[in-house]
Amino acid sequence: MTPSAQSRYQVPGALHEATRSLLRLRTTGDARRVAQHLVRELGGRLVPAGDDDPGVIPIDVSFGDGEPLLAAAPPGSAARILLEQYLPSFLLDARHVLQLSDRTDRLAESASTDLLTGLPNRSILDRALGRLTADETVILLDLDHFKWINDSFGHAAGDQVLRVFGRVLRGAVRERDTAGRFGGEEFLIVLTSPGGADAVLRRLRAEWLTERPFPVTFSAGVAASAGDPDETLSLADQALYAAKRAGRDQWIWATARRPASYQPPGDYVQAYVDDAIVGNRRAAIRLTLDLLDRRVPREQIVVDLLAAAQRDVGERWYRNEITPADEHVATGVTAVALDTLMGETNQTAHGTHCVITCAEGDLHALAAQMFGEMLRERGVGVTVLGASTPADVVAEFLVRSGADSLAISCSIPIFFPGTLRLIDAAHRQGIPVIVGGRAFGGDPSRAERLGADAWALTALDAAAILQAWRCQPPSIGREPTPVDPAGLRLTAQADAVGGAAFESMAACFPPLADYDEHQVARTREDLVFIVRSLAATMLAADHAIFSDFLQWLQNLLARRGVPAQALIAGLEALGPPVEAVDSGAALLLDLGRQELLDGR
């Protein structure tokens, strides 16, 4: 292939990839790597500044990060033409992106940072309290006799005390803890582990005695999470008051009993769903943030309000009370509410990067997004790819992003073939896989049969597993997961098998002849879903998958006015084409049909 012909094919892809990378730029190092990659993809090379290469183009692609580097290509070459045409404008765009990112970071910092101490401010502390979990501890501190410093030495001296205390406090806590200025001379710490408060306060006191510019002590109240953030803060405040009364320069633990955690009332979920299905985003978001204002932890809002609302929406669709369009509108509203709720989280990732995707074919992306946000709350670095990303695309992204794990969300077992492809693709790259979602049921058996390295019922469980993998990754086999090949054959032929069954179904179900175009399409679709459910059952070696699916489908059809005989006729029509693929699958199909007949 000639250079010019090669360039015609490479240029669009190279520029497209580089332009997409602009969306992820955060540092000059990022920009340098992207620009250098673009130079190479366009056929050029990189040379140090001052090099006497006759092909040097005087354009620095280092962005001031490290030694200056220039692009080079022979004069008159196709690569030279492409570099001169596209590289300057790309570098200009990259610099604009970095400037915007820097402004955004400064704005975010000014909105979340106490200007005097440099610590997180009250708004960040309120958010930390709002997502308080059962394992966390709250410490409320107050500088003793601080008013005396202001009155005796002036406010400049008081400001100096606050600045130094803020610096000492920052050094006394761990990166995953939150410590900030609560207001005036009060400071607050949220520790992410139930123990360690005494050690933190001892460390803080020792360092403060060394660094303090005036003889100022501090008192503190300590409270283990009581479930409700308001109650926990009240307990810490009472303990602080007790420490003051006991003579100051000490800390006291709250001793009150832990109350039950706050639960959103049922009518709250009902009101949210009523707003969501009609697209009333503002009202739904207001309900969501109202819970946050009540200091309900973010994770709890996601689980007890947003996820509960989505389940209720699904049930309404299942009961034929709302249309698929209503369901999609509600899902869009909840996606916005989730972004609003979690968009200002200040949690820092701790050395692990998990890519989250839905099973290939699964379009229910919201569950994966909720899962990802809750992992972020637990300090896990996360990238959510969303709905139905092909396995080869996921594998390429895993390598390119430097991810150390893949999490797969699967809502319905018929997407197990796509889950299997994702697991095998990740394993070929040596990357472990954790799975979760309703499709896997309440134990790890289905996950194990599909070759996953772990299964998690909750985001809390998943975060613990992923953090453990950071220290000791599981052993990964590179070979494909051994599954029943009949399940793979049924998956590949599902459309053909369903179509053949539909053609013969009229003989055992005469009303089919009077179906309109929409009813015909739905019937074909149901037949294909039955085959795919049969395939998933064989892949996971779990007969309950097919039994549960048939029961669900029978109830769904009944709610839509479809006679029970239609499903029986469809199962009978599926027999011969399924038998042609695998006799064991045909037997499983007949067992399912018989269960429905026996249950009448």
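Here is what the cut-offs are and how they apply
Residues numbered from 1 in each chain as written. Predicted model: local features only at pLDDT ≥ 70, side-chain atom pairs only at ≥ 80, totals over all residues. Heavy atoms only, no water. pLDDT = per-residue confidence, 0-100. Contact = heavy atoms within 4.5 Å. Core = buried A, V, L, I, M, F, W, Y, C linked by side-chain atoms within 4.5 Å. Buried < 20%, exposed > 50% of the residue type's maximum accessible area, 1.4 Å probe, protein only. Helix = DSSP H or I, 4+ residues; strand = E, 2+ residues; numbered from the N terminus. Expected span 1.5 Å × (residues − 1). Polar contact = N/O pair within 3.5 Å; in protein donor to acceptor, adjacent residues only side chain to side chain. Arc of directions from axis to C-beta. Pairing = 2+ DSSP bridges. Axes fitted to C-alpha atoms, helices over the stretch in contact; angles between N-to-C directions.

Topic: the confidence of the model for the protein chain
Here is step 1: Averaged over the protein chain, the pLDDT score is 84; the fraction of residues at 70 or greater is 90%.
Here is step 2: Across residues 1-12, confidence stays below pLDDT 50; counting only partners more than four residues off in sequence or on other chains, it has 10 contacts.
Here is step 3: In this model, residues 257-263 is a region of pLDDT below 50 whose contacts with residues beyond four sequence positions or in other chains number 17 contacts.

Some points on the nonpolar core
Here is step 1: Judged by nonpolar contacts, the single largest core of 86 residues is most densely connected at Tyr272, Leu375, Ile530 and Leu574.
Here is step 2: Broken down by element, this core gets its largest block of residues, 10 residues, from helix 11 (residues 298-318).
Here is step 3: With 33 residues, the next largest nonpolar core counts Ala359, Val394, Phe397 and Ala452 among its residues.

Digging into helix 23 (residues 583-598)
Here is step 1: Spanning 16 residues, helix 23 covers 22 Å between terminal C-alpha atoms, matching the ideal 22 Å at 1.5 Å per step.
Here is step 2: Buried positions along helix 23 lie against helix 18 (485-492), helix 20 (517-540), helix 21 (543-559) and helix 22 (564-581).
Here is step 3: Two or three places before Gly584, at the start of helix 23, stands the capping residue Asp582, its side-chain oxygen 3.0 Å from that residue's backbone nitrogen.

Focus on the side chain of Ser219
Here is step 1: Mapped onto the elements, Ser219 comes out in strand 7 (residues 218-224).
Here is step 2: Within polar-contact distance, the side chain of Ser219 engages the side chain of Asp144 at 2.8 Å.
Here is step 3: Setting aside its immediate chain neighbours within four residues, Ser219 contacts Leu140, Leu141, Asp142, Asp144, Leu240, Ala243, Lys244, Arg248, Asp249 and Gln250.

Section: helix 12 (residues 324-342)
Here is step 1: Compared with the 27 Å implied by 1.5 Å per residue over 19 residues, the 27 Å span of helix 12 between its first and last C-alpha is a close match.
Here is step 2: The set of residues buried in helix 12 consists of Ala330, Val333, Thr334, Ala337, Leu338, Leu341 and Met342. Projected down its long axis, helix 12 shows its buried positions confined to an angular sector of 150°, all on one face. Facing away from the buried side of helix 12 by over 90 degrees, the exposed positions are His328 and Asp339.

Quick notes on the sheet that holds strand 3 (residues 69-72)
Here is step 1: One open sheet holds the 3 strands; their spatial order is 1-3-2, and the pairing between them is antiparallel. With one partner strand each, in any of the chains shown, strand 1 (45-48) and strand 2 (56-60) form the two edges of the open sheet. Along the sheet, successive strands turn relative to each other by an average axial angle of 40°, direction set aside.
Here is step 2: Sheet topology note: the strand 2/strand 3 ladder contains 3 bridges and is antiparallel. Counterpart to Val56 in the pairing with strand 3 is Ala72.
Here is step 3: Across the sheet, helix 2 (residues 28-41) lies against strand 1 and strand 3, angled at about 120° from strand 1, the strand it touches most.

Notes on the sheet that holds strand 8 (residues 251-253)
Here is step 1: Read across the sheet, 5 strands follow the order 5-6-4-7-8 without closing on themselves; strand pairing throughout is mixed. Strands with a single pairing partner mark the edges of an open sheet, and in this sheet they are strand 5 (178-183) and strand 8. If you compare each strand with its neighbour and ignore which way they point, the axes differ by 20° on average.
Here is step 2: In the packing of helix 4 (residues 122-130) onto the sheet, contacts are made with strand 4 (137-143), strand 5 and strand 6 (186-191), and the angle to strand 5 comes to roughly 125°.

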